Amino acid sequence: MERKLSRRQLLRGAASAAVLIPVVQLGTRPAFADNKVSEDEPMAQALNYVHDIDAHPDIPRPDRSGVAGADQYCYNCGLYVGEDDWGPCSIFQNRLVAGPGWCTAWVPRS
Ligand code: SF4
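Described below are features of the structure shown in this document.

Procedures and definitions
- Residues numbered from 1 in each chain as written.
- Predicted model: local features only at pLDDT ≥ 70, side-chain atom pairs only at ≥ 80, totals over all residues.
- Heavy atoms only, no water.
- Helix = DSSP H or I, 4+ residues; strand = E, 2+ residues; numbered from the N terminus.
- Buried < 20%, exposed > 50% of the residue type's maximum accessible area, 1.4 Å probe, protein only.
- Contact = heavy atoms within 4.5 Å.
- Areas by Shrake-Rupley, 256 points an atom, 1.4 Å probe, with all protein chains shown as cover.
- Near = heavy atom within 4 Å.
- Nonpolar A, V, L, I, M, F, W, Y, C, P; charged D, E, K, R; others polar.

Some remarks on the overall build of the protein chain
Across its full length, the protein chain holds 2 helices and 2 strands. Starting at the N terminus, the α and β elements of the protein chain follow one another as α-α-β-β. Each of the 110 residues in the protein chain was classed as buried or not, and the buried ones make up 27%. Long-range pairs, those at least 24 residues apart, make up 59% of the contacts in the protein chain with a sequence separation of at least 6. Of the accessible surface of the protein chain, which amounts to about 7700 Å², a share of 56% is contributed by carbon and sulfur atoms.

Observations regarding the environment of tryptophan 102
On the secondary structure map, tryptophan 102 appears in the segment after strand E2 (95-98). Tryptophan 102 sits in the buried class, given a relative accessible area of 1%. For the pair tryptophan 102 and isoleucine 59, spaced 43 residues apart in the sequence, the C-alpha separation amounts to 9.7 Å. Contacts of tryptophan 102, omitting those with residues within four sequence positions, involve Asn48, Tyr49, Val50, Ile53, Ile59, Pro60, Arg61, Pro62, Gln72, Tyr73 and Cys74.

Details of the site of the ligand
The full set of residues close to the ligand is Tyr49, Cys74, Cys77, Leu79, Tyr80, Cys89, Ile91, Phe92, Trp102, Cys103, Ala105 and Trp106. The residue inventory of the shell around the ligand, partitioned by class, reads 12 nonpolar, no polar and no charged.

Next comes the structure, spelled out in structure tokens:
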């Protein structure tokens, strides 16, 4: 038995899909997207996290795993997943840290 859809049914289906697609996209959007780590929060302070390490020459960055301290930034840290100015860091439960930032948990990328 073949059932044909009426033009009205097709339009209704298309309208429903148009409403549902943005809802589905919102549901899959990473929860960390607008959740930047603040330098003032306790964990950031405990790890000496700053958004721009070059603006803080007072914070010592020891050489680690063959990488000079001066070459360590969030954007080349093994715990940083982003490629933009801000990216998720697993130490901060995937909340966003600044690419030019740094903290004492820095590890080289493998
Ligand atoms: S763990 Fe790495 S990416 Fe995360 S704040 Fe520290 S230096 Fe930046």
